[in-house]
Amino acid sequence: VETFTYSIDWGDGSEPVTGIATVDQPGDPGTKTVGSADGTHRYRDVGFFTVTVTVTDDDGASSIASGVVEITNVAPVLDRLSVTAN
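Residues numbered from 1 in each chain as written. Predicted model: local features only at pLDDT ≥ 70, side-chain atom pairs only at ≥ 80, totals over all residues. Heavy atoms only, no water.

**Considering the nonpolar core**
A general feature of soluble globular proteins is that nonpolar side chains tend to end up buried together.
For step 1, the next point in the chain: The biggest cluster of nonpolar side chains holds nine residues, and these are Phe4, Tyr6, Ile8, Trp10, Ala21, Tyr43, Phe49, Val51 and Ile71.
For step 2, the next point in the chain: Considering every element that reaches this core, the biggest residue donor is strand S1 (residues 4–9), with three residues.
For step 3, the next point in the chain: Those residues in contact with Tyr43 that sit more than four places away from it in its chain are Trp10, Asp12, Phe49, Val51, Val69, Ile71 and Val74. (Core = buried A, V, L, I, M, F, W, Y, C linked by side-chain atoms within 4.5 Å. Buried < 20%, exposed > 50% of the residue type's maximum accessible area, 1.4 Å probe, protein only. Helix = DSSP H or I, 4+ residues; strand = E, 2+ residues; numbered from the N terminus. Contact = heavy atoms within 4.5 Å.)

**With respect to the sheet that holds strand S5 (residues 47–57)**
For step 1, the next point in the chain: Read across the sheet, four strands follow the order S2-S1-S5-S6 without closing on themselves; strand pairing throughout is antiparallel. Each edge of the open sheet is held by one strand with a lone partner, namely strand S2 (17–20) and strand S6 (62–71). Between one strand and the next, the sheet's axes are offset by a mean angle of 15°, whatever the strand orientation.
For step 2, the next point in the chain: Two elements, S5 and S6, share ten bridges in a ladder whose sense is antiparallel. Each residue of the ladder has a partner; that of Val51, found in S6, is Gly67. (Pairing = 2+ DSSP bridges. Axes fitted to C-alpha atoms, helices over the stretch in contact; angles between N-to-C directions.)

**Considerations on the side chain of Asp57**
For step 1, the next point in the chain: Along the chain, Asp57 turns up in strand S5.
For step 2, the next point in the chain: In terms of polar contacts, Asp57 uses its side chain to reach the backbone amide nitrogen of Asp59, at 3.0 Å.
For step 3, the next point in the chain: Not counting chain neighbours up to four residues away, the residues in contact with Asp57 comprise Glu2, Thr3 and Phe4. (Polar contact = N/O pair within 3.5 Å; in protein donor to acceptor, adjacent residues only side chain to side chain.)

**Here's the deal with the layout of surface pockets**
For step 1, the next point in the chain: Taken as a whole, the largest pocket holds about 290 Å³ of empty space.
For step 2, the next point in the chain: Around the largest pocket, the lining is made up of 17 residues, and of these Phe4, Ala21, Gly35, Val55 and Thr56 lie nearest the centre.
For step 3, the next point in the chain: Among the elements of the structure, S1, strand S4 (34–36), S5 and S6 are those that each provide at least two residues to the lining of the largest pocket.
For step 4, the next point in the chain: For the lining of the largest pocket, the element with the highest residue contribution is S5, accounting for four residues.
For step 5, the next point in the chain: In terms of residue class, the lining of the largest pocket is made up of ten nonpolar, six polar and one charged. (1 Å grid on protein atoms, 1.4 Å probe; cavity = no way out; pocket = protein on both sides within 12 Å on 5 of 7 lines; lining within 4 Å. Points joined across faces, edges and corners; volume = space filled by probe spheres on them. Nonpolar A, V, L, I, M, F, W, Y, C, P; charged D, E, K, R; others polar.)

**Comments concerning the pairing of S5**
Along any regular strand the residues' side chains alternate between the sheet's two faces.
For step 1, the next point in the chain: Sheet topology places S1 next to S5; six bridges connect them, and they run antiparallel. Counterpart to Asp9 in the pairing with S5 is Thr52.
For step 2, the next point in the chain: Hairpin connection from S5 to S6: four residues lie between these consecutive antiparallel strands, with Gly60 at a positive phi of about 95°.

**Side note on the environment of Asp59**
For step 1, the next point in the chain: In this structure, Asp59 sits in the loop between S5 and S6.
For step 2, the next point in the chain: Assessed through its relative accessible area of 65%, Asp59 is described here as exposed.

Next up, the structure:
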């Protein structure tokens, strides 16, 4: 029985998300195993980010895929408030 782990690097300097992938369809000789992994992330800034997903099987072999996402319309965050009295 094949098992897989995954790592998702969101490309914004945050810690990657890791976990155990779900095997949706076991494979046979000549038939690839099909699996899935879920991940969600909240970006703090707008911009373009390269998301990289690494999948590793129980034998130590891995595969890496990446793509660029564009984040727009991030809600503003108030980091500091200064009040001046007249």
